Amino acid sequence: MTRETYRKMTGYFLQDEKKVRRIILANRLLTGIVFVSYPLYLISLLLKRDTLLPQAVLVPAVSFVVVTLFRKIVNEPRPYEKYDLPPVIDKDAGGKSFPSRHVFSVFVIAITVFVRNPVAGCILAMIGIMIAVIRVIGGVHTVWDVTAGAAVGILSGVIGYYMLPYQGF
């Protein structure tokens, strides 16, 4: 992404306050759906006494910590920092753009849910794609940031649920 591409993309939204509000609302709403559905899913596993529960907590949690530490070490600047242009989605934080933790989280949660409910997992993955687009057009991530976030989230889930044998606790 070049400075000019970023300027045109965010400028389209920044020129109209209604568009800015819609992007911010969509970002909050979609993120909220995911982060409400995950604890509800964990509660459902608990009520069913599903042996997947510990893994459904640990895989996303451990992966989240690893991604957070990686972002801190890499400390990739955000597009609005690189290009010195205002983002559509206000963000106080500097750096730590790669990979997108929002997108990573949605996809590792989508895989977590997919293990027991493939339809709901696919719905969450579609929401993840929408969040990825919003984070890019909102000016807080690059396409590379969100693509890496999705890939790492999917990979974490696949390794955590399908490649590591689970014996239960």
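Right above here is the structure, for reference.
Here we summarise the structure given alongside this text.

Focus: the overall build of the chain
And then number 1: A count of helical and extended segments in the chain gives 7 helices and 0 strands.
And then number 2: Of the regular secondary structure in the chain, the N- to C-terminal order runs α-α-α-α-α-α-α.
And then number 3: For 169 residues, the compact-globule estimate of 2.2 N^0.38 gives 15 Å, and the C-alpha radius of gyration of the chain, at 17 Å, lies within 12% of that figure.
And then number 4: Principal-axis analysis of the C-alpha atoms gives the chain an extent of 50 × 35 × 20 Å.
And then number 5: Counting every position in the chain, which comprises 169 residues, the buried fraction comes to 44%.
And then number 6: Within the chain, contacts between residues at least 6 apart in sequence are counted, and of these 73% link residues at least 24 apart.
And then number 7: Of the roughly 9300 Å² of accessible surface on the chain, 69% is carried by carbon and sulfur atoms.
And then number 8: Computing the positive centroid from 19 side-chain charges and the negative centroid from 10, the chain places the two 6 Å apart.

Details of the environment of Ser105
And then number 1: With respect to the element layout, Ser105 can be found in helix α5 (residues 101-116).
And then number 2: Beyond its immediate chain neighbours, meaning those up to four positions away, Ser105 contacts Phe35 and Phe64.
And then number 3: In terms of polar contacts, Ser105 uses its side chain to reach the backbone carbonyl oxygen of Arg101, at 2.8 Å.

Section: the side chain of Asp50
And then number 1: By the element assignment, Asp50 lies in the loop between α2 (17-47) and α3 (53-74).
And then number 2: By relative accessible area, Asp50 is classed as buried at 17%.
And then number 3: Not counting residues within four places of it along the chain, the set of residues in contact with Asp50 comprises Leu45 and Arg116.

Some words on unusual backbone geometry
And then number 1: The peptide bond linking Phe98 to Pro99 adopts the cis configuration, its omega dihedral lying at -10°.
And then number 2: When you line up the elements, Pro99 lands in the loop between α4 (79-83) and α5.
And then number 3: Its identity as a non-glycine residue notwithstanding, Asn75 has a phi of 50°, on the positive side.
And then number 4: Tracing the chain through its elements places Asn75 in the loop between α3 and α4.
And then number 5: Looking at Asn75, the relative accessible area reads 40%, which means it is partly exposed.
And then number 6: The residue Lys96 is not glycine, and still its phi comes out positive at about 50°.
And then number 7: For Lys96, the position within the fold is in the loop between α4 and α5.
And then number 8: A relative accessible area of 36% places Lys96 in the partly exposed class.

A closer look at α3
And then number 1: Compared with the 32 Å implied by 1.5 Å per residue over 22 residues, the 32 Å span of α3 between its first and last C-alpha is a close match.
And then number 2: The complete set of buried residues in α3 reads Leu53, Gln55, Ala56, Val59, Pro60, Ser63, Val67 and Arg71.
And then number 3: Contact partners of the buried residues in α3: α2, α5 and α7 (143-163).
And then number 4: Following α3 by one or two positions, Asn75 adopts a phi angle in the positive range, close to 50°.

Re the pattern of salt bridges
Side-chain pairing between opposite charges can occur once the charged atoms of the two side chains come close.
And then number 1: Applying the stated rule across the entire model yields 3 salt bridges.
And then number 2: Across the pair Asp50 and Arg116 runs a salt bridge, and its minimum N-O distance is 2.7 Å. Residue Asp50 is found in the loop between α2 and α3, and its partner Arg116 is found in helix α5; the two are separated by 66 residues along the sequence.
And then number 3: Its salt-bridge partner being Lys82, residue Glu76 comes within 3.3 Å of it at the nearest N-O pair.

Conventions used here
- Residues numbered from 1 in each chain as written.
- Predicted model: local features only at pLDDT ≥ 70, side-chain atom pairs only at ≥ 80, totals over all residues.
- Heavy atoms only, no water.
- Helix = DSSP H or I, 4+ residues; strand = E, 2+ residues; numbered from the N terminus.
- Rg over C-alpha atoms; globule rule 2.2 N^0.38 Å.
- Buried < 20%, exposed > 50% of the residue type's maximum accessible area, 1.4 Å probe, protein only.
- Contact = heavy atoms within 4.5 Å.
- Areas by Shrake-Rupley, 256 points an atom, 1.4 Å probe, with all protein chains shown as cover.
- Lys, Arg positive; Asp, Glu negative; His and termini not counted.
- Charge placed at Lys NZ, Arg CZ, Asp CG, Glu CD.
- Polar contact = N/O pair within 3.5 Å; in protein donor to acceptor, adjacent residues only side chain to side chain.
- Expected span 1.5 Å × (residues − 1).
- Salt bridge = Lys/Arg side-chain N within 4 Å of Asp/Glu carboxyl O.

These values are about where atoms sit, not about what they do.
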